[in-house]
2 protein chains.
Amino acid sequence: MEEVAVVENKKVILKNYVDGIPTETDMELKMGDTIELKAPKGSSSFLVKNLYLSCDPYMRSRMRDFHGSYLPPFLPGQRIEGFGVARVIDSDDPNYTPGELICGITGWEEYSLLRNSNELQLRKIQLDDAIPLSYHLGLLGMAGFTAYAGFYEICSPKKGESVFVSAASGAVGQLVGQLAKLNGCYVVGSAGSKQKVDLLKNKLGFDEAFNYKEEADLDAALKRYFPEGINIYFDNVGGSMLDAALLNMKVHGRIALCGMVSLQSLSSSSQGINNLYNAIPKRLRLEGFLQSDHVHIFPQFLEHVKEYYKEGKIVYIEDMSEGLELAPAALVGLFSGKNVGKQVVRVANE
Amino acid sequence: MEEVAVVENKKVILKNYVDGIPTETDMELKMGDTIELKAPKGSSSFLVKNLYLSCDPYMRSRMRDFHGSYLPPFLPGQRIEGFGVARVIDSDDPNYTPGELICGITGWEEYSLLRNSNELQLRKIQLDDAIPLSYHLGLLGMAGFTAYAGFYEICSPKKGESVFVSAASGAVGQLVGQLAKLNGCYVVGSAGSKQKVDLLKNKLGFDEAFNYKEEADLDAALKRYFPEGINIYFDNVGGSMLDAALLNMKVHGRIALCGMVSLQSLSSSSQGINNLYNAIPKRLRLEGFLQSDHVHIFPQFLEHVKEYYKEGKIVYIEDMSEGLELAPAALVGLFSGKNVGKQVVRVANE
């Protein structure tokens, strides 16, 4: 009889559904569970060792007891899940072979038994010395693709246009700004600290950047950077920044609504958007989108962005937390802007 | 020497700039001014006798002391202007001949001396026994064209989709609903009185209609009429109705923002839009528009809508006020929903 190794499988579980902003105590690192390092025969599943986990703002919506969304909620007492990079250890699925690397939805735990389905959005990835493996969660993952699909498919950019990006040093924003520059646009970003503003101007190539926390009047700040108005606003925050942008859009401007969901979680008593009426005389288009509607251009995205990166035309900033035990803090940090760049957790060494 | 008739020229003037909702006392019927019934030689102008004047919500924006809009404000002490149907009386412009009928921006007065320019949006119209002349201000005018361009160019309608129209018995809404029905859609309208609701259901062919003033919960009302959700919302009012619609849109729904400007004037302390974040998970498109951006399809609009009307496939409801002296009340009535259908003022008999 074959001997199967049984190992501890640490995991991060959701303790209870969350109402407002998630805190570390809404999650728990659960020790002591074990797992057989084997994909059961006849299960069509495969076992992976998780290497990197992605912290994304949308995950907050799965921590609520709300079933009307496009994603089901997590289950209290069960492990959280999210995008990750993992290595196949054993497999009862002929499409997956031990040693292969995959990217897709996995568990917040050391080892996960996965069965392929569309929901997991699994794709195989290759080791490439020129590109860090964790970038498949950011630059080449959902965040990067959100930036790419949102900018090209929703914003209809033209050379010479003026582009404003909020949460500009974040996982999505930093690529939007760089794509806009490569497209010949004038690009300004907002962020929440001096360090981030410096990165935007000195590392990410934005034309200008400002710290929104130091601006008493966001409308005045935007007028300073866009005296002629904004053609494209890539909105990652909603709220008062969106309201200020609405006042500063040019005629026929486009607003890509990307990250408002995350902001919505930050204030239980939302103040509402007061300047939407500007959309009529200015003929603005506001469009919400999800990257998952644009998968037909994913191969093109991968090719373009990999090439830009290898040519040194774009860079990408990651914020790496070391160890599964730091994952709850890393996720929670997103909602206070603690992360600088794309937040990733290293679960195990490659 | 030629003898020129001089006649009295009653006019409606703006007394002072308006802050909130216009009232009749913001305007004044000015008697006693006279005009020579002649277009001065060398002036390139032409003199018209005004027959019908159009009352439109956008005119409120020209009663404010605000110069940042797409239209300049009226001047206090001077006559108001707006769309009208008029007959040419005398002309120093070779393109206009006495006896011809025109539609375009004219003065709120008995006679106007006009000089052609793009701003006046002048077009010649023909007497047609099958179509009332005043319809060139509604069904075949800016209101009708707003409905047509908004529905076909902004809403991307598909057969079988569900369409919600607010202010549905108004100048624009009544045509939107009928076009949607002709397009094979399920159509529900909201309006502000039992009389209007009856017209929507019994005369304008809407599938359903409701009186928003009798609904304590607009979200619940929309859920009642759209248990499966709304594909297209043609928004003529903004505010709480837009907020309720955002909660009830289907994935990939479209919202044409048309008349919010008029509502904006009704509340100095706007409550704001609280449900815009729904645009992201539902991938909604909200688009503000002005008919003037779509003039390339105006000929097609005229042809289609005239044909529909002559075939009895669409009807049009007008609210006709008799006499220039009633024009201020007619305009003011728009902002309390007093009008039933397109508000027009008859200045003189044809």
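Not measured: the values here are computed from a predicted model. (Residues numbered from 1 in each chain as written. Chains lettered and ligands numbered in written order. Predicted model: local features only at pLDDT ≥ 70, side-chain atom pairs only at ≥ 80, totals over all residues. Heavy atoms only, no water.)

**Student:** Run through the overall build of chain A, naming residues and quoting values.
**Tutor:** Counting secondary structure elements, chain A contains nine helices and 17 strands. Computed over the C-alpha atoms, the radius of gyration of chain A is 21 Å, within 12% of the 20 Å expected from 2.2 N^0.38 for a compact globule of 350 residues. Its C-alpha atoms put chain A at 75 × 45 × 35 Å along the principal axes. Here chain A, with 350 residues, has 57% of them falling under the buried criterion. A sequence separation of at least 24 residues applies to 69% of the contacts in chain A between residues at least 6 apart. Roughly 14500 Å² of accessible area belongs to chain A as shown, and the carbon and sulfur atoms make up 49% of that amount. Across chain A, the centroid of the 36 positively charged side chains sits 4 Å from that of the 43 negatively charged ones. (Helix = DSSP H or I, 4+ residues; strand = E, 2+ residues; numbered from the N terminus. Rg over C-alpha atoms; globule rule 2.2 N^0.38 Å. Buried < 20%, exposed > 50% of the residue type's maximum accessible area, 1.4 Å probe, protein only. Contact = heavy atoms within 4.5 Å. Areas by Shrake-Rupley, 256 points an atom, 1.4 Å probe, with all protein chains shown as cover. Lys, Arg positive; Asp, Glu negative; His and termini not counted. Charge placed at Lys NZ, Arg CZ, Asp CG, Glu CD.)

**Student:** Any details on the relation of the copies chain A and chain B? Residues and values, ideally.
**Tutor:** Mapping chain A onto chain B calls for a screw motion: a turn of 180° about the axis and a shift of 0.0 Å along it, with 0.0 Å RMSD after fitting. In the structure described here, the two chain copies are related by an operation that fits a two-fold rotation axis. (Least-squares fit on C-alpha atoms with pLDDT ≥ 70 in both.)

**Student:** Residues and numbers for the domain arrangement of chain A, please.
**Tutor:** All names here are of chain A. Under the domain assignment used here, chain A contains domain 1 (6-138 + 317-346) and domain 2 (142-292). Here domain 1 and domain 2 have C-alpha centroids that lie 29 Å from each other. Between domain 1 and domain 2, the residue contacts involve 18 residues of the former and 16 residues of the latter. Roughly 1500 Å² of surface becomes buried between domain 1 and domain 2 when both sides are summed, with 62% attributable to carbon and sulfur atoms. Counting across the interface, domain 1 meets domain 2 through zero salt bridges. Taken together, the connections running from domain 1 to domain 2 amount to four residue pairs in polar contact (both at pLDDT 80 or more). Within the side of domain 1 that touches domain 2, the residues separate by chemical class into nine nonpolar, six polar and three charged. (Domains from an automatic or database assignment. Buried area = accessible area lost by both parts, 1.4 Å probe. Salt bridge = Lys/Arg side-chain N within 4 Å of Asp/Glu carboxyl O. Polar contact = N/O pair within 3.5 Å; in protein donor to acceptor, adjacent residues only side chain to side chain. Nonpolar A, V, L, I, M, F, W, Y, C, P; charged D, E, K, R; others polar.)

**Student:** Please set out helix α4 (residues 194-202) of chain A residue by residue, giving values where relevant.
**Tutor:** Residue and element names in this part refer to chain A. For α4, the set of buried residues is Lys196, Val197, Leu199 and Leu200. Seen end-on, α4 carries its buried residues on one side only, within an arc spanning 160°. Relative to its buried face, α4 has exposed residues pointing more than 90 degrees away, namely Lys194 and Asn202. Those residues of α4 that are buried are in contact with β11 (186-191) and β12 (208-211). (Arc of directions from axis to C-beta.)

**Student:** Go over the packing of aromatic side chains, please, and point to the residues and values.
**Tutor:** Residues and elements named next belong to chain A. Tallied over the full model, the rule gives 30 aromatic pairs over all chains. On the basis of an interplanar angle of 65° and a centroid distance of 5.0 Å, the ring pair of Tyr148 and Tyr152 is categorised as edge-to-face. Of this pair, Tyr148 and Tyr152 both sit in helix α2 (residues 142-154), separated by four residues, roughly a single helical turn. Ring pairs connect the aromatic residues Phe145, Tyr148, Phe151, Tyr152, Phe298 and Phe301, which therefore count as one cluster. Directly above the ring of Tyr96 sits Lys124, whose terminal nitrogen or CZ lies 5.0 Å from the centroid. (Phe/Tyr/Trp six-rings, centres within 6.5 Å; stacked < 30°, edge-to-face > 60°. Lys NZ or Arg CZ within 6 Å of the ring centre and 35° of its normal.)

**Student:** Please give an account of the UniProt feature "domain: Oxidoreductase N-terminal" (unreviewed entry) in chain A that cites residues and values.
**Tutor:** Here, UniProt's "domain: Oxidoreductase N-terminal" (unreviewed entry) annotation points to residues 10-117 of chain A. Span residues 10-117 of chain A is 4% helix and 39% strand, its end C-alpha atoms 24 Å apart. (UniProt positions renumbered as here; feature names shortened; annotations may be inferred.)

**Student:** Could you give an account of the side chain of Asn211(B), with specific residues and numbers?
**Tutor:** Residue and element names in this part refer to chain B. By the secondary structure assignment, Asn211 is in strand β12 (residues 208-211). On the basis of relative accessible area, Asn211 is assigned to the buried category, the value being 11%. Polar side-chain contacts of Asn211 include one of 2.9 Å to the backbone nitrogen of Lys213. Ignoring anything within four residues of it in the chain, the contact list for Asn211 reads Ala191, Gly192, Ser193, Lys194 and Val197.

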